[in-house]
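Descriptive analysis of the structure
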Amino acid sequence: MVFYFIDPELWEQCCKNVQEAGFKHVESYNDYWDVSGKTFEDIDGYRIVLQNREWSA
């Protein structure tokens, strides 16, 4: 699942909150997501991406 944040300060705060909640920062399986975002993995191995850009279709 990918969450998009266009505000850099909000994105940084959300990344911090996710790590404090127990998620581990990991490299993405696809390098694309690491360019403007961070991938986090929970204890069950599920991943989310917090992307610091606007979503476009």
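Each chain carries its own residue numbering, running from 1 in the direction its sequence is written. Only residues with pLDDT of at least 70 are given local features in this predicted model, and only at 80 or more are side-chain atom pairs given and counted; all residues enter the totals for whole chains, interfaces and linings. The side-chain values count all of the structure's non-hydrogen atoms but skip hydrogen atoms and water molecules.

Some points on the side chain of Ser28
Going along the chain from the N terminus, every DSSP run of H or I of four or more residues is numbered as a helix, and every run of E of two or more is numbered as a strand. Here Ser28 lies in the loop between strand S2 (24–26) and helix H2 (32–35). Remark: exposure states derive from per-residue accessible area (1.4 Å probe, protein chains only) relative to the maximum for the residue type, with buried under 20%, exposed over 50%, and partly exposed in between. Residue classification places Ser28 among the buried positions, given a relative accessible area of 11%. Looking at Ser28, its side chain comes within polar contact range of the main-chain oxygen of Asn30, at 2.9 Å. Once residues within four sequence positions are removed from consideration, Ser28 is found in contact with Trp33, Asp34, Thr39 and Arg47. Counting of polar contacts relies on pairs of N or O atoms within 3.5 Å, with two restrictions inside protein: one atom must be capable of donating a hydrogen and the other of accepting it, and residues adjacent in sequence are counted only when both atoms are side-chain atoms. In this analysis, two residues are considered to be in contact whenever any of their non-hydrogen atoms come within 4.5 Å of each other.

Description of the pairing of strand S3 (residues 37–41)
For S3, the tally of buried residues reaches 4 of 5 residues, placing the bulk of the element in the interior. Two strands pair when backbone bridges link them, and S2 and S3 are joined in this way by 3 bridges, in the antiparallel orientation. Its bridge partner being in S3, Val26 is matched across the sheet by Thr39. Each pair of strands is called paired provided DSSP finds at least two bridges between the two strands. Sheet topology places S3 next to strand S4 (residues 47–51); 5 bridges connect them, and they run antiparallel. Bridging across to S4, Thr39 finds its partner in Val49.

Observations regarding the packing of aromatic side chains
Working definition: a ring pair exists when centres of Phe, Tyr or Trp rings (six-membered ring for Trp) sit within 6.5 Å. Plane angles under 30 degrees give stacked, over 60 give edge-to-face, the rest tilted. Summed over all chains, the structure comprises 1 aromatic pair. Ring centres 4.9 Å apart and planes at 80 degrees place the aromatic pair Tyr32 and Trp33 in the edge-to-face group. Classification of Tyr32 by relative accessible area gives partly exposed; the value is 42%. Over a ring means this: the NZ of a Lys or the CZ of an Arg is within 6 Å of the ring centre and within 35 degrees of the ring normal. Positioned above the aromatic ring of Tyr29 is the side chain of Arg47, whose terminal nitrogen or guanidinium carbon lies 3.9 Å from the ring centre.

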